[in-house]
Amino acid sequence: MTYRIERRSGVAAYQQIVRQTKQALRLGQLAPGDKLPSAAEVVAATAINPNTVLKAYRELESEGLVEARQGVGTFVRRSLAQPGAAADSPLRDGLRAWMAAARAADLGREDVAALLTAALDESFPRAADARLPGAGTHRTHEHD
């Protein structure tokens with residue numbers, strides 16, 4: 001597991017570590033029993049404060065995703081992987097094809113991110129949005 005910290009993202013470094021770890025758990029890149037990099041290894045690779053790494057690992061531990069073993073390291077306790085998100089799943093292949101089509105259409109990363117976010121919001125309303133009338137009905141937001 002290699003962490004990439006985007007200093008200009010506006011997202012705290014510890015939250016980036018938590019998100020990246022969860023993403024790796026969802027994609028099956030980390031599995032129960034796998035060891036996370038030590039705080040010293042993350043600090044060496046990212047030049048962030050060791051307490052930032054420890055804060056991220058504590059949050060992951062409080063969520064039951066990892067466990068710290070005194071003197072040994074931090075290990076994955078449970079996975080978040082779903083079969084449809086595996087690297088070899090048909091859904092992933094379809095997404096790769098869609099990305100290739102987006103590139104062929106000269107869409108930039110920000111354009112693709114905007115399209116994906118809009119599609120996510122239409123198909124998977126957030127918890128607060130789900131309580132609103134009409135949520136999840138795939139309505140457009142042109143007149144909102």
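Definitions and limits used
Residues numbered from 1 in each chain as written. Predicted model: local features only at pLDDT ≥ 70, side-chain atom pairs only at ≥ 80, totals over all residues. Heavy atoms only, no water. Helix = DSSP H or I, 4+ residues; strand = E, 2+ residues; numbered from the N terminus. Buried < 20%, exposed > 50% of the residue type's maximum accessible area, 1.4 Å probe, protein only. Contact = heavy atoms within 4.5 Å. Areas by Shrake-Rupley, 256 points an atom, 1.4 Å probe, with all protein chains shown as cover. Patch = residues over 30% accessible without salt bridge, like charges linked within 9 Å, V, L, I, M, F, W, Y side chains within 5 Å. Salt bridge = Lys/Arg side-chain N within 4 Å of Asp/Glu carboxyl O. Pairing = 2+ DSSP bridges. Axes fitted to C-alpha atoms, helices over the stretch in contact; angles between N-to-C directions. Parallel < 35°, antiparallel > 145°, perpendicular 65-115°, else oblique. Left-handed = near helix turned anticlockwise from the far one by under 90°. Nonpolar A, V, L, I, M, F, W, Y, C, P; charged D, E, K, R; others polar.

Draft legend 1. Structural detail: the overall build of the chain. On a plain count of helices and strands, the chain comes out with six helices and two strands. Per-residue burial over the chain gives 23% buried out of 144 residues. Within the chain, residue pairs in contact and separated by at least 24 positions form 47% of the contacts whose partners lie at least 6 positions apart. When the accessible surface of the chain is split by element, carbon and sulfur atoms take 53% of a total near 10100 Å².

Draft legend 2. Region of the structure containing unusual backbone geometry. Phi at A47 is positive, roughly 60°, even though this residue is not glycine. Note on placement: A47 falls in the loop between α2 (39-46) and α3 (50-62). A47 gets classed as exposed once you look at its relative accessible area, which sits at 63%. One non-glycine residue with positive phi stands out, namely D106, at about 60°. Examined against the element boundaries, D106 turns out to sit in the loop between α4 (90-104) and α5 (109-123). Take D106: its relative accessible area is 70%, and that puts it in the exposed class.

Draft legend 3. Structural detail: a nonpolar patch on the surface. Taken together, L95, W98, L107, L115 and L116 make up a surface patch of nonpolar side chains, about 400 Å² in accessible area. Of all elements in the fold, only α4 and α5 reach the threshold of two or more residues within the nonpolar patch.

Draft legend 4. Focus on the pairing of strand β2 (residues 73-76). With four bridges joining them, strand β1 (residues 66-69) and β2 adopt antiparallel strand pairing. By the bridge assignment, R69 is partnered in β2 with G73. Hairpin connection from β1 to β2: three residues lie between these consecutive antiparallel strands, with G71 at a positive phi of about 75°.

Draft legend 5. Structural detail: the packing of helix α1 (residues 13-26) against α3. Across the interface, α1 lies against α3 with an axial gap of 8 Å and an inter-helix angle of 45°. Taken as axis vectors, α1 and α3 run oblique relative to one another. Viewed along their axes, α1 and α3 form a crossing whose handedness is right-handed. Taken together, the residues of α3 that come into contact with α1 (itself represented by A13, Y14, I17, V18, T21 and K22) are T52, V53, K55, A56, Y57, E59 and L60. Looking at side-chain class alone, the contact of α1 with α3 contains eight nonpolar, two polar and three charged residues.

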